[in-house]
Amino acid sequence: MSRFWSPRVKELEPYVPGEQPKLSKLTKLNTNENPFPPSPKAIEAMQAALGDDLRLYPDPNADSLRAAIADYYGVEAKQVFVGNGSDEVLAHIFNGLFQHGRPLLFPDISYSFYPVYCQLYNIPFERIPLTDDFAIDVSDYTGINGGIIFPNPNAPTGRLLPLDEIRRLLAVNNETVVVVDEAYIDFGGESAVGLVNEYPNLLVTQTFSKSRSLAGLRVGLAIGSAELIDALDRIKNSFNSYPLDRLALAGAEAAINDREYFAQCCDAVIAERERLRAELSQRGFESLPSAANFLFTRHRTLAAADIAAALREDGVIVRHFKQPRIDNYLRITVGTAEQHAQLLASFDARFPR
Ligand SMILES: *Cc1c(COP(=O)(O)O)cnc(C)c1O
């Protein structure tokens with residue numbers, strides 16, 4: 001606190017990101033980064049962009065990247081918005097599309113940035129409880145609202161809401177914007193992008209941070225009707241005209257164009273996820289079904305906090321949320337086979353059978 005702070009700064013409760021330890025030999029399974037490197041073509045494109053042109057501003061509209069994304073998803077370029085990570089895209093959505101004085105609806109167990117943006121932008125909200133088995137029941141989202149947002153697959157549960165359920169929601173909620181945050185959709189779900197031409201109030205967000213191994217580059221996107229994208233451009237151009245730098249534009253475009261490498265990485269993550277599920281199950285863990293690059297899991301007898309603390313002593317970091325309903329769960333990011341071996345060896349040594 002400082003006397004120079006405005007009342008507004010004093011009352012903020014900022015988001016606390018998962019730990020990014022400075023030590024490099026840790027087995028880091030806590031923030032859902034991809035264990036595989038970015039596309040070699042993305043690295044090459046960024047190396048090529050690294051030169052004298054950096055004295056020039058980047059394209060404020062990111063036209064070339066938007067066109068590549070539009071091509072990948074089979075939509076028009078005017079239906080694509082890009083930003084500095086999907087967190088920034090989400091911030092613009094909250095600021096520009098959810099400001100109606102009516103409550104925004106999102107699940108009680110969900111991405112913890114949503115309530116932070118609500119506070120920042122003065123948006124009332126209502127948390128809708130997930131069912132007992134941590135599923136979203138769309139019939140709970142029919143009340144008066146200023147918008148609806150949920151991750152699909154949900155975070156940190158990993159559970160997928162099938163597309164026909166999203167359709168069912170859109171059929172009854174057509175007056176306010178519905179945002180499907182697809183940060184993890186490439187690890188086993190079907191994207192709602194295919195519905196945007198049918199529902200002008202649907203906005204789908206995605207990120208290059210998870211499935212495209214570019215968390216360090218900060219590129220996120222939204223796809224929806226041209227009128228929603230126009231709103232986001234208006235907000236963006238009132239905030240920062242150049243959210244993506246020249247390296248990010250070059251790297252992201254090469255990454256989205258490298259479909260083969262992308263498919264290989266996603267397949268490998270999915271295969272490792274299911275191997276990890278089986279290994280954990282043999283050790284007394286029960287994991288929720290996951291369509292993401294992490295498992296949400298609890299042990300039949302051991303407390304999650306104790307497991308997380310023990311693993312940490314061996315340099316294995318997993319995420320534990322001290323939050324009602326889920327404080328006995330761990331969220332474990334899918335890593336490489338080698339990282340999983342370290343995780344399991346640590347668990348076996350600390351909790352011998
Ligand atoms: C990781 C994540 C994001 C943010 O992704 P960035 O593009 O890295 O900002 C958004 N939503 C959910 C649910 C996430 O897990």
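Asks: Help me out: how do you make sense of the domain arrangement of the protein chain in this one?
Replies: Interfaces are often sized by the accessible area lost when the parts come together. For the protein chain, the domain assignment lists domain 1 (16-37 + 260-350) and domain 2 (40-257). Each of domain 1 and domain 2 has a C-alpha centre, and these two points are 25 Å apart. Contact with domain 1, which involves 25 residues of that partner, is made by 27 residues of domain 2. A buried area of about 2100 Å², summed over both sides, lies between domain 1 and domain 2, and 63% of it is on carbon and sulfur atoms. Broken down residue by residue, the surface that domain 1 buries against domain 2 is led by Phe262, Ala291 and Arg325, which jointly contribute 32%. In this structure, Asp108 engages Arg325 in a salt bridge whose closest nitrogen and oxygen atoms are separated by 2.9 Å. Our count for the domain 1 to domain 2 interface comes out at nine residue pairs in polar contact (both at pLDDT 80 or more).

Asks: When you look at the site of the ligand in this model, what are you seeing that I'm missing?
Replies: Around the ligand lies a shell formed by Gly85, Ser86, Asp87, Tyr111, Pro151, Asp181, Ala183, Tyr184, Thr207, Ser209, Lys210 and Arg218. Side-chain polar atom of Thr207 to an oxygen atom of the ligand: 2.5 Å apart, as the coordinates give it. Note that an oxygen atom of the ligand is positioned 2.8 Å from one of the side-chain N or O atoms of Arg218. Contact with the protein chains hides 93% of the accessible area of the ligand, taken as 380 Å² for the molecule alone. Residue composition of the shell around the ligand, by class: four nonpolar, four polar and four charged.

Asks: Looking at this model, I keep getting lost on unusual backbone geometry. Mind explaining?
Replies: What is expected of a backbone is that most residues other than glycine have negative phi and most peptide bonds are trans. Asn152 connects to Pro153 through a cis peptide bond whose omega is -5 degrees. In this chain, Ala155 is followed by Pro156 through a cis amide linkage whose omega measures 5 degrees. The phi torsion at Asn32 lies on the positive side, around 60 degrees, for a residue other than glycine. As for its position among the elements, Asn32 is in the loop between β1 (27-29) and α2 (40-49). Within the chain, Ser213 stands out as a residue other than glycine whose phi angle is a positive 55 degrees. Mapped onto the fold, Ser213 is located in the loop between β7 (202-207) and β8 (220-224).

Asks: Can you walk me through empty space enclosed by the protein in this structure?
Replies: Unfilled space is identified by rolling a water-sized probe across the atoms. For the structure shown, the criterion picks out three cavities of 30 Å³ or more. For the largest cavity, the calculated volume is near 80 Å³. In this structure, the largest cavity is lined by Pro37, Pro38, Ser39, Ser211, Arg212, Ser213, Leu214, Ala255, Asp258, Tyr261, Phe262 and Cys265. Top element by residues in the lining of the largest cavity is helix α9 (residues 259-282). It accounts for three residues.

Asks: Looking at this structure, how should I read the pattern of salt bridges?
Replies: As a working rule, side chains carrying opposite charge can pair if their charged atoms are close by. Taken as a whole, this structure holds 18 salt bridges when the rule is applied. A salt bridge links Arg298 to Glu286; its shortest N-O distance comes to 3.7 Å. Separated by 12 residues along the polypeptide, Arg298 in strand β10 (residues 294-299) and Glu286 in strand β9 (residues 285-287) bring together distant segments of the chain. Residue classification places Arg298 among the partly exposed positions, given a relative accessible area of 35%. The exposure class of Glu286 is partly exposed, given its relative accessible area of 34%. What you see here is one network of salt bridges that share partners, running through Glu279, Arg283, Asp348 and Arg353.

What counts and how
Each chain has its residues counted from 1, running along the sequence as written. Restriction of local features to residues with pLDDT of at least 70 applies here, the model being predicted, together with a cutoff of 80 or more for giving and counting side-chain atom pairs; totals for whole chains, interfaces and linings are based on all residues. Side-chain numbers come from the whole structure's heavy atoms, not from hydrogens or water. Annotation comment: domain bounds sourced from an automatic or database domain assignment. Contacts were defined at the residue level, with two residues in contact if any of their heavy atoms lie within 4.5 Å. Reported buried area values correspond to the accessible surface (1.4 Å probe) lost by two parts on association, with both partners' losses combined. Salt bridge criterion: a side-chain nitrogen from Lys or Arg within 4 Å of a carboxyl oxygen from Asp or Glu. We call two N or O atoms a polar contact when they sit within 3.5 Å, provided that within protein one can donate a hydrogen and the other can accept it, with sequence-adjacent residues counted only if both atoms are side-chain atoms. What makes a residue near a molecule or strand is one non-hydrogen atom of that residue sitting within 4 Å of it. Using the Shrake-Rupley algorithm and a 1.4 Å probe, accessible areas are obtained, with residue cover drawn only from the displayed protein chains. Three categories are distinguished: nonpolar for Ala, Val, Leu, Ile, Met, Phe, Trp, Tyr, Cys and Pro, charged for Asp, Glu, Lys and Arg, and polar for the others, with Gly belonging to the last. Secondary structure counts use DSSP, requiring at least four H or I residues in a row for a helix and at least two E residues in a row for a strand, with both numbered from the N terminus. Using a 1 Å grid laid over the protein atoms alone, points where a 1.4 Å probe fits but cannot get out form a cavity; open sets with protein on both sides within 12 Å along at least 5 of 7 lines form a pocket; any residue with an atom within 4 Å of a point counts as lining. Grid points are joined across faces, edges and corners, and a volume is the space filled by probe spheres set on the points. Each residue is assigned to one of three classes by its accessible area relative to the maximum for its type, calculated with a 1.4 Å probe on protein chains only: buried under 20%, partly exposed between the two thresholds, exposed over 50%.

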